[in-house]
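Here's the letter readout for the chains.
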Amino acid sequence: MDLVAFATHSVRRAMIGQVRAVFNDAARGEAPVVRQSDGLFGPDSVVWRVHGDVTTMMVGGVAALLLQMLHPAVLAGVWDHSKFRHDMLGRLRRTARFIALTSYGGRDEAEAAIARVRGIHHHVHGVLPDGTPYRADDPRLLAWVHVSEAVSFLDGWIRYAEPGMSRADQDRYFAEFAQVAEALGADPVPHSRAAATALIAEMRSELRHDERTREVARLLLEQPAPNLATKPFQAITFAAAIDLLPDWARRMHGRASPPLAAPALRLGTRGVAETLRWAFR
């Protein structure tokens, strides 16, 4: 191997190592999820295509969290039953691992991950500040969590990887990803882009933004990077996530415009995405 090839290989390995360290908790013995063709989906699925890109999934994942927390009952479940204040990275890792296992793991792995989450949801319940009871296994709340994720993941993919994605493939994505939401007990679950748009419009009247929302959003967006090497990547990811939000959601969060000029931000995010694709290719 010549010097240039060795240096290129070393840079790639270092980048892959940094990304894997963010998504997998070595202290808990976690290793990257290996793609299995006998899972819920497969190599020809749109889910495999969309969920396989590190940058777009990170941008979409943070945008999804910002959308989800606008529902008071979803936020209450995190506020009352989570250690997010002290372990935000751990919470993000667990969510990312669930998506990876259900997207790429074997059927047994995927079904076991879904069963674990259903078991956790069964014990998460309480009362909102206004006295309204809530349960994490409420099918409608699960539907909001799902549609927020599905729309954000897909919109991140379209913006930074496949701008010309056909409406047919977008609909296929919603129909495929619906399997996971339905297995978790969500209802209603959209099976198309139009159905997802309609569900979000229907649920907007239930959304709120208050002091709790501000606190959770602040802890999410101001959390320190895992290390110096990932700090620039995290900063641009969070800014791109805010930019990805619908205008009405940005206004609810008090962020009428993205932190950076949108064209420059999107150009920079696209550069990060292409660099990571090169590393993992």
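Scroll up to find the structure this text is about.
Residues numbered from 1 in each chain as written. Predicted model: local features only at pLDDT ≥ 70, side-chain atom pairs only at ≥ 80, totals over all residues. Heavy atoms only, no water.

Further remarks concern the overall build of the protein chain. Within the protein chain, the regular secondary structure consists of 13 helices and 2 strands. For the protein chain, the proportion of its 281 residues judged to be buried stands at 46%. Considering only intrachain contacts with a sequence separation of at least 6, the fraction spanning at least 24 residues in the protein chain is 74%. Working note: accessible area of the protein chain is about 13,900 Å², and carbon and sulfur atoms make up 57% of it. (Helix = DSSP H or I, 4+ residues; strand = E, 2+ residues; numbered from the N terminus. Buried < 20%, exposed > 50% of the residue type's maximum accessible area, 1.4 Å probe, protein only. Contact = heavy atoms within 4.5 Å. Areas by Shrake-Rupley, 256 points an atom, 1.4 Å probe, with all protein chains shown as cover.)

This paragraph deals with unusual backbone geometry. Along the chain, D187 connects to P188 via a cis peptide bond; the corresponding omega equals 5°. By secondary structure assignment, the location of P188 is in the loop between α8 (167-184) and α9 (193-203).

Locating V46 in the fold gives a position in helix α2 (residues 46-51). Here the alpha-carbon distance between V46 and D171, two residues 125 residues apart in the chain, equals 9.5 Å. Excluding anything up to four places from it in sequence, V46 contacts M165, D169, R172, Y173 and E176.

What follows is about helix α11 (residues 231-244). A rise of 1.5 Å per residue sets the reference length of α11, with its 14 residues, at 20 Å; its end C-alpha atoms lie 20 Å apart and thus fit the reference within 8%. Most of α11 is tucked away, with 11 of its 14 residues classed as buried. Taken as a whole, α11 has its buried residues at F233, Q234, I236, T237, F238, A239, A240, A241, I242, D243 and L244. (Expected span 1.5 Å × (residues − 1).)

Okay, the environment of A240 next. Tracing the chain through its elements places A240 in helix α11. In the structure, A240 is positioned 22 residues away from A262 in sequence and 8.5 Å away in space, judged by C-alpha atoms.

Attention now goes to helix α10 (residues 211-221). Residues of α10 that are buried: T213, V216, A217, L219, L220 and L221. For α10, the capping residue at the N-terminal end is D210, with a side-chain oxygen 3.1 Å from the backbone nitrogen of R212. (Polar contact = N/O pair within 3.5 Å; in protein donor to acceptor, adjacent residues only side chain to side chain.)

Applying the stated criterion to the full structure yields 16 salt bridges. E206 serves as the salt-bridge partner of R140, at 2.8 Å between the closest nitrogen and oxygen. With R140 in helix α7 (residues 139-160) and E206 in the loop between α9 and α10, this pair connects stretches of sequence that are 66 residues apart. The partly exposed category is assigned to R140, whose relative accessible area is 25%. Note that R218 is salt-bridged to E215, the shortest N-O span being 3.0 Å. Highlighted residues: R218 and E215, both in helix α10, separated by 3 residues, approximately one helical turn. In this structure E215 comes out as partly exposed when scored by relative accessible area, which is 24%. Each of R49, E162, D169, R172 and E176 takes part in salt bridges that share partners, so that together they form one network. (Salt bridge = Lys/Arg side-chain N within 4 Å of Asp/Glu carboxyl O.)

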